[in-house]
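Summary of structural features
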Amino acid sequence: MFGLPLGLFVEGAVAILLALTIGYCIVLNQRLKRLHADKDVMRQMVADLVGATNLANQAIKELKQTAVEADLSLNARLEEAERFGIELANHVNAGTVLMERIAKITSVARHSQAIEPVEQPNKVQSALEQLSTRVRTRGVAA
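Looking at an unreviewed UniProt entry, one finds the chain named Chemotaxis protein and attributed to Devosia ginsengisoli.

Helix and strand counts for the chain come out as two helices and zero strands. Within the chain, buried positions represent 0% of all 142 residues. On the chain, roughly 13200 Å² of surface is accessible, and the fraction owed to carbon and sulfur atoms is 67%.

With that out of the way, let us pick up the UniProt feature "transmembrane region" (unreviewed entry) in the chain. Per the UniProt record, "transmembrane region" (unreviewed entry) is found at residues 6-27. Helix makes up 100% of residues 6-27 and strand makes up 0%, while its end C-alpha atoms are separated by 31 Å.

Turning our eyes to something else, we now look at a nonpolar patch on the surface. Where nonpolar side chains cluster on the molecular surface, the patch consists of Leu6, Phe9, Val10 and Val14 and spans about 410 Å² of accessible area. Look at Phe9 and you get exposed, because its relative accessible area is 62%.

Calculation rules
- Residues numbered from 1 in each chain as written.
- Predicted model: local features only at pLDDT ≥ 70, side-chain atom pairs only at ≥ 80, totals over all residues.
- Heavy atoms only, no water.
- Helix = DSSP H or I, 4+ residues; strand = E, 2+ residues; numbered from the N terminus.
- Buried < 20%, exposed > 50% of the residue type's maximum accessible area, 1.4 Å probe, protein only.
- Areas by Shrake-Rupley, 256 points an atom, 1.4 Å probe, with all protein chains shown as cover.
- UniProt positions renumbered as here; feature names shortened; annotations may be inferred.
- Patch = residues over 30% accessible without salt bridge, like charges linked within 9 Å, V, L, I, M, F, W, Y side chains within 5 Å.
- Salt bridge = Lys/Arg side-chain N within 4 Å of Asp/Glu carboxyl O.

Listed below in structure tokens is the structure:
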């Protein structure tokens with residue numbers, strides 16, 4: 001009799017362990033199902049992340065290209081502005097020189113008008129006299 005209760009005890013223990021193992025397998029099975037479901041979600045998430053990364057890379061390339069084009073355009077405009085600035089400075093300098101010449105001419109003309117109004121008719125008169133003497137000398141020589 002002593003062997004029977006021990007055998008029954010061992011069988012009971014094995015039955016309990018078997019029930020616990022079955023229960024643990026059920027829990028593991030549910031976890032595996034969730035893991036597989038999460039795996040599909042993760043795959044989708046990774047695919048979305050790869051797509052977003054590709055779009056971001058493409059946008060970065062386009063931004064770099066736009067930045068290069070903007071830099072070239074800006075450099076061209078700056079060079080043109082520098083040329084116009086130099087040309088404008090040259091025109092301003094030339095205008096200043098011209099204004100100084102005009103000022104000198106007007107000051108000399110004002111000064112000479114006050115002094116030489118009598119000399120002008122004398123020069124004209126002497127020129128006419130020289131012309132008439134030449135005509136006479138040519139007429140005599142001919």
